[in-house]
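Given next are the chains, with one letter for each unit.
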Amino acid sequence: MDETPFGDDTLHEECGVFGIFQRTDAAAVVTLGLHALQHRGQEAAGIVAHDGTQFHVERHAGLIGDTFTKASVLERLPGESAIGHTRYATTGGGGLRNVQPFFAELSAGGFAVAHNGNITNALTVQRELQRRGSIFSSTSDTETILHLVATSGARLFVDKLIDAMSRLEGAFSLVGLSANSMIGVRDPLGIRPLVLGDLEGSPILASETCALDIIGATHVRDIEAGEMVVISESGIESIFPFQTRRPRFCIFEYVYFARPDSNIEGRNVYDIRKKIGMELARESHPEADIVVPVPDSGVPAAIGYAQEANLPFELGIIRNHYVGRTFIQPTDSIRHMGVKLKHNANRKMIEGKRVVLVDDSIVRGTTSQKIVQMVREAGASEVHMRIASPPTSASCFYGVDTPEKAKLLASRMTIDEMAEFIQVDSLAFLSIDGLYRACGETGRHKVAPQFCDACFTGDYPTSLTDQDGADNVRQLSLLGGAG
Ligand code: AMP
């Protein structure tokens, strides 16, 4: 039996970052921002604040609301600038030493960093640094950034950071805090989101706009792919230190990961998900009586599907909100049980009906199998599953939590075999062009795709050095880092 949801003994992460510069109650504002980013990571969180003289660091396992409470946060984390991080890890392995932000006293002064994404050559760089004497205290790829900054020969701090980031490949949206500046960096492809906000004159950096809404801050703009912003007393400086590349934002953020009320790169996530449902209905619409979402992730697409197919939308499955995401359960048997704990069929709506069941994605197929069985037991006469994304056939190496390729249902089965496996009358996935159309494109450009869609196409937009090296068979994040 698997020891973890993904069948290995390692950590997988997705994360949220938030920082505010020059605001009296900085750590409390960060706490609220992280609360809105809790969906990006529920396992642990940390905040680093600077009070003009020194840095204060606090990290905990668990949910923000349980571990950082407003009154005591300000006592323990005084200061006018603070950054924070929410971390998703499916096992507790590695413990607090891998919880971000990381902080180090460097020759250039104290520096804290919080990172969302995954650095695909971190393990290779780490080994090189270790051979030259660096000592690592975590197994996180994020620590590599600190070591590269520490060992850079550049004179100015910002140049040291540019030097460090230029050595790294993969996805990074990060927020850094030094004694006199807050810095945001987005990798040259802009794979993970990062936005600039403003709260009554105090600049904010956050993974998603929902973290600005919670505190009534305004969304100034998205940080651009390959951009570094240096926020200091003298204002906000924008630099483009990397070689320019055509951006490729992660399309799976629109499908599943980002919060529906966030706006990313001019698109509202809920609106995209509804359009995804509409595309799905246009591509494949079986004779049916009702459209039922798998809550919550399937809801917006099911609304769009029902509208387009002119069928009633019904909450035929009710979700219990007091259970964490299915993937967080630590063992296979509990994961199965988790699905039952989390969802219940609403027999009154389903009995005798031909049901179109809509979910955002099939990863291992465990959720779909259980849900379909539940809907059948509640008396559905037919179950037609429609998936609001193409088949997930390749692992993500850029910070989204996916099992290894062999564990992905779509990597080892045809669509007919998958339909048989989850016991549905029919199964269809959205086409890759349909997904691009929902995002406002005419389709996927074959030569220069507009998004990172590696989980659906296997087309990785960066090199995967840690995967390619003969002895580096795993990404460092799988050993406990990233986010
Ligand atoms: P599975 O049982 O493995 O097929 O799980 C599929 C379900 O997990 C989908 O309905 C998604 O809502 C959800 N899901 C997809 N990707 C992820 C992810 N990276 N982390 C957590 N949940 C996910």
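Report on the accompanying structure. (Residues numbered from 1 in each chain as written. Predicted model: local features only at pLDDT ≥ 70, side-chain atom pairs only at ≥ 80, totals over all residues. Heavy atoms only, no water.)

Thoughts on the overall build of the protein chain
If you tally the helices and strands in the protein chain, you get 18 helices and 23 strands. Counting all 483 residues of the protein chain, 61% fall into the buried class. By element, 51% of the accessible surface of the protein chain is carried by carbon and sulfur atoms, the whole surface being about 18000 Å². (Helix = DSSP H or I, 4+ residues; strand = E, 2+ residues; numbered from the N terminus. Buried < 20%, exposed > 50% of the residue type's maximum accessible area, 1.4 Å probe, protein only. Areas by Shrake-Rupley, 256 points an atom, 1.4 Å probe, with all protein chains shown as cover.)

A few points about the pattern of salt bridges
Should their charged atoms come close, side chains of opposite charge can pair. According to the stated counting rule, one finds 26 salt bridges in the structure shown. Between Asp453 and Arg248 there is a salt bridge whose closest N-O contact spans 3.9 Å. Taken as a pair, Asp453 in the loop between β23 (451-452) and α17 (454-457) and Arg248 in the loop between β13 (235-239) and β14 (249-250) lie far apart in primary sequence, 205 residues in all. One exposure class covers both Asp453 and Arg248, and it is buried. Across the salt bridge formed by Glu308 and Arg282, the nearest N and O atoms sit 3.2 Å from each other. Taken together, the positions of Glu308 in helix α10 (residues 299-309) and Arg282 in helix α9 (residues 269-283) put the pair 26 residues apart, joining distant regions of the chain. Given a relative accessible area of 44%, Arg282 falls into the partly exposed group. Salt bridges linked by common partners bring Glu279, Arg282, Glu283, Glu308 and Arg437 together as one network. (Salt bridge = Lys/Arg side-chain N within 4 Å of Asp/Glu carboxyl O.)

Brief notes about the site of the ligand
The environment of the ligand is formed by 17 residues, the closest being Asp359, Asp360, Arg364, Thr367 and Asp401. Tyr256 places a side-chain nitrogen or oxygen 2.9 Å from a nitrogen atom of the ligand. Within the side chain of Ser297, one N or O atom sits 3.0 Å away from an oxygen atom of the ligand. For the ligand, whose free accessible area comes to 500 Å², the fraction covered by protein is 95%. Tallied by class, the residues present in the shell around the ligand amount to 7 nonpolar, 5 polar and 5 charged. (Near = heavy atom within 4 Å. Polar contact = N/O pair within 3.5 Å; in protein donor to acceptor, adjacent residues only side chain to side chain. Nonpolar A, V, L, I, M, F, W, Y, C, P; charged D, E, K, R; others polar.)

Side note on the sheet that holds strand β4 (residues 81-87)
Reading across from one edge, β3-β2-β4-β1-β10-β9-β11 is the order of the 7 strands in this open sheet, with antiparallel pairing throughout. Whereas interior strands pair on both sides, the edge strands pair on one side only; in this sheet they are β3 (55-61) and β11 (218-222). With direction set aside, neighbouring strand axes in the sheet form an average angle of 15°. Here 7 bridges tie strand β2 (residues 44-50) to β4, and the two strands are oriented antiparallel to one another. Each residue of the ladder has a partner; that of Ala44, found in β4, is Arg87. Most of the contacts of helix α1 (residues 26-36) go to β4, to which it runs at about 25°, and overall it touches β1 (15-21), β2, β4 and β9 (195-199). (Pairing = 2+ DSSP bridges. Axes fitted to C-alpha atoms, helices over the stretch in contact; angles between N-to-C directions. Contact = heavy atoms within 4.5 Å.)

Side note on the pairing of β2
Across the 7 residues that make up β2, a large majority, 7, are buried. Burial along β2 is two-sided: the face carrying Ala44, Gly46, Val48 and His50 and the face carrying Ala45, Ile47 and Ala49 are both buried. As judged from the 7 bridges shared by β2 and β3, these two strands associate in the antiparallel manner. Looking at β3, one finds that Ala44 is bridged to Ala61. Hairpin connection from β2 to β3: 4 residues lie between these consecutive antiparallel strands, with Gly52 at a positive phi of about 100°.

Quick notes on the side chain of Thr31
Here Thr31 is to be found in helix α1. Take Thr31: its relative accessible area is 8%, and that puts it in the buried class. Excluding residues within four positions of it along the chain, Thr31 makes contact with Ile47, Ile64, Phe68 and Val73.

Points about the side chain of Thr120
With respect to the element layout, Thr120 can be found in the loop between β6 (109-119) and α4 (122-131). Judged by relative accessible area, which is 3%, Thr120 ranks as buried. Within the local environment of Thr120, its side chain forms a polar contact with the backbone oxygen of Ser463, the two atoms lying 3.0 Å apart. Leaving out residues up to four positions away in the same chain, Thr120 has contacts with Glu169, Gly170, Phe397, Tyr398, Thr462, Ser463, Leu464, Thr465 and Asp466.

Considering the nonpolar core
Side chains of nonpolar character tend, in soluble globular proteins, to be buried together. If you look at the biggest cluster of nonpolar residues, it comprises 41 residues, and the most contacted ones within it are Tyr254, Ile276, Val291 and Val358. Elements supplying a minimum of two residues to this core: β14, α8 (251-257), α9, α10, β20 (354-359), α16 (432-438), β23 and α17. With 5 residues, α9 is the largest single contributor of residues to this core. Of the residues that make up this core, three or more belong to each of domain 1 (12-248) and domain 2 (266-451). Excluding residues within four positions of it along the chain, Tyr254 makes contact with Phe249, Ile264, Glu265, Arg267, Val269, Ile272, Arg273, Cys439 and Phe451. Within the second largest apolar cluster, 29 residues are counted, among which are Phe136, Leu146, Ile183 and Met228. (Core = buried A, V, L, I, M, F, W, Y, C linked by side-chain atoms within 4.5 Å. Domains from an automatic or database assignment.)

Brief notes about the environment of Gly316
When you line up the elements, Gly316 lands in the loop between α10 and β18 (317-319). We classify Gly316 as buried; its relative accessible area is 0%. C-alpha separation for the pair Gly316 and Asn344, spaced 28 residues apart in sequence, amounts to 8.5 Å. Here Gly316 is in contact with Val292, Asn344, Ala345, Asn346, Met349 and Ile350, once residues within four sequence places are set aside.

Details of the packing of aromatic side chains
Two descriptors summarise a pair of aromatic rings, namely the distance from one centre to the other and the angle between the planes of the rings. Inspection of the entire model under this criterion finds 11 aromatic pairs. Ring centres of Phe111 and Phe157 lie 4.8 Å apart, and the angle between their planes is 65°; this geometry places the pair in the edge-to-face category. With Phe111 in strand β6 and Phe157 in helix α6 (residues 157-166), this residue pair connects regions lying 46 residues apart in the sequence. The residues Phe111 and Phe157 share a single accessibility class, namely buried. Feature note: the residues Phe249, Tyr254, Tyr436 and Phe451 constitute an aromatic cluster, connected by ring pairs. (Phe/Tyr/Trp six-rings, centres within 6.5 Å; stacked < 30°, edge-to-face > 60°.)

Structural notes on empty space enclosed by the protein
One pass over the full model with this rule turns up 3 cavities of 30 Å³ or more. As a volume, the largest cavity reaches approximately 90 Å³. In this structure, the largest cavity is lined by Ile191, Arg192, Cys250, Phe252, Thr392, Cys396, Tyr398, Val400, Thr402, Cys452, Ala454 and Cys455. Tallied by class, the residues present in the lining of the largest cavity amount to 9 nonpolar, 2 polar and 1 charged. (1 Å grid on protein atoms, 1.4 Å probe; cavity = no way out; pocket = protein on both sides within 12 Å on 5 of 7 lines; lining within 4 Å. Points joined across faces, edges and corners; volume = space filled by probe spheres on them.)

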